[in-house]
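An overview of the molecular structure
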Amino acid sequence: MSRYGDTSSKQFLCSICLDVFTEPVSTSCGHNFCKACITKYWDTSDLCQCPMCKNTFDTRPDLFINTKRESEREISDSVQVFTALVCSIERSQAELIEVIGEKQRAVERQAEGLIKELEQEVTELKRRSTELEQLSHTEDHLHLPQSFPSLCTPPDTRDWSEISVHGDLCVGTVRRAASQVEETIMSEVKKLCDAELKRIQRYAVDVTLDPDTAHPCLILSEGGKQVKYGDTKQNVPNNPKRFNNYCDVLGKEIFSSWRFYYEVTVKGKTKWDLGVARESISRKKKNIPLTPNNGYWTVRLRNGEYKALAGLGVPLSLREKPHKLGVFVDYEEGQVSFYDVEARSHIYSFTGCTFTEKLYPYFCPCSNDGGENSAPLIISPVNHTA
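Residues numbered from 1 in each chain as written. Predicted model: local features only at pLDDT ≥ 70, side-chain atom pairs only at ≥ 80, totals over all residues. Heavy atoms only, no water.

Under an unreviewed UniProt entry, the name given to the protein chain is E3 ubiquitin-protein ligase TRIM39-like, and the source organism is Oncorhynchus tshawytscha.

In structure tokens form, the structure reads like this:
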């Protein structure tokens, strides 16, 4: 149950005409309307804003194809991906069975050759035994000394005590086949993440830093797009919104009931915290963990290790060191997700969150560490063509 009521019955209704959607479209803030309804609404109003959340736009925003169609595309994409995975697994299984079968046939051929050779030796030994038996009953005293030496000479035979047939020739074969399947899965997941990132980037918003919240040691750029640690405190007004104990700063924009996305460059930094925070977080108290219970949904870098600050912290195993992070919030779904923009990969998601307050983008560049962490955090423009 969302705070707007039972979405199962309302998600198909336009909030302007209160009827089933006709040519449904979505605004950049994530709300859905009939194309004609929202167009007429804006044509007859001096203020270009969303009828649902009252978010105001400087210029009339682009309209996107509605999500109830987004769902169809996601279903199609997922079917395509999982079909590819099933085909890959079936192909790998067939190849594995063929490899194992060929190895088994080779072992059988080896065994058959050894059995044939052994049977020949047994036959030769039986022949000698028979001749010796016959020779033992002969009364031809001249023939006995002539035949005995050749019969008593051991035949040229193998040392069968050292001969064995190994049936474990498939060691590593299954592992290699599984590794190939894993590579295919990772490739398909990367495709999914790329498509996912492209979809959420359309909810990009223009975030700027709020100087009234910045810790006195932080230096903000003139345009409010960069922040770095300045070592010494600046003479700034003390106000209830300002962080006093940690080098934190919030974004100016306030988001409370829609989807939004922004990107931050972290290249060159050795320590940072990024994410979102609710409006009521304490700006003055010390030793407050950056956890959801305290109003923070963040990831961090410390000593080369990445963590999502959920509870005691969730270690993140990243294949590549991210240079630019994407932060996506779905207020209605209660989700905060982080992405490696350049690698086009998903890093971590807080899910099942309950948002009841306004949310702010949260930034912490951390101290300079003698110059090793002096690079700024940079709010970067979103490249929609990536």
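**Observations regarding the overall build of the protein chain**
Within the protein chain, the regular secondary structure consists of five helices and 16 strands. Put simply, the protein chain shows about 22,700 Å² of open surface, and 52% of that area lies on carbon and sulfur atoms. (Helix = DSSP H or I, 4+ residues; strand = E, 2+ residues; numbered from the N terminus. Areas by Shrake-Rupley, 256 points an atom, 1.4 Å probe, with all protein chains shown as cover.)

**What to know about the state of the cysteines**
Two cysteines whose sulfur atoms are joined by a covalent bond form what is called a disulfide. This structure, assessed with the given rule, holds zero disulfides. Here Cys-217 is not cross-linked by a disulfide; its sulfur's nearest cysteine counterpart is in Cys-247, at 7.9 Å. Judged by relative accessible area, which is 4%, Cys-217 ranks as buried. (Disulfide = S-S within 2.5 Å. Buried < 20%, exposed > 50% of the residue type's maximum accessible area, 1.4 Å probe, protein only.)

**Brief notes about the environment of Ala-177**
With respect to the helices, strands and loops of the structure, Ala-177 is situated in helix α5 (residues 173-200). Classification of Ala-177 by relative accessible area gives buried; the value is 12%. With 81 residues separating them along the chain, Ala-177 and Leu-96 place their C-alpha atoms 6.7 Å apart.

**Side note on the packing of aromatic side chains**
Two numbers describe a pair of aromatic rings. These are the distance of the centres and the angle of the planes. According to the stated counting rule, one finds nine aromatic pairs in the structure shown. The interplanar angle of 35 degrees and the centroid separation of 6.1 Å between the aromatic rings of Tyr-203 and Phe-328 together place this pair among those described as tilted. Separated by 125 residues along the polypeptide, Tyr-203 in the loop between α5 and β4 (218-220) and Phe-328 in strand β12 (residues 324-330) bring together distant segments of the chain. Taking relative accessible area as the criterion, Phe-328 reaches 7% and is therefore assigned buried. A ring pair is formed by Trp-297 and Phe-355, whose centres lie 5.1 Å apart and whose planes are at 80 degrees; its orientation type is edge-to-face. With Trp-297 in strand β9 (residues 296-302) and Phe-355 in the loop between β14 (345-350) and β15 (359-364), the pair connects residues that are 58 residues apart, well separated along the chain. Each member of the pair Trp-297 and Phe-355 is classed as buried. Following the ring pairs from residue to residue traces out a cluster consisting of Trp-297, Tyr-331 and Phe-355. (Phe/Tyr/Trp six-rings, centres within 6.5 Å; stacked < 30°, edge-to-face > 60°.)

**As for α5**
With 28 residues, α5 ought to run about 40 Å at 1.5 Å a step, and its terminal C-alpha atoms sit 41 Å apart, in line with that. Every buried residue of α5 is listed here: Thr-173, Ala-177, Val-181, Glu-188, Cys-193, Leu-197, Arg-199 and Ile-200. (Expected span 1.5 Å × (residues − 1).)

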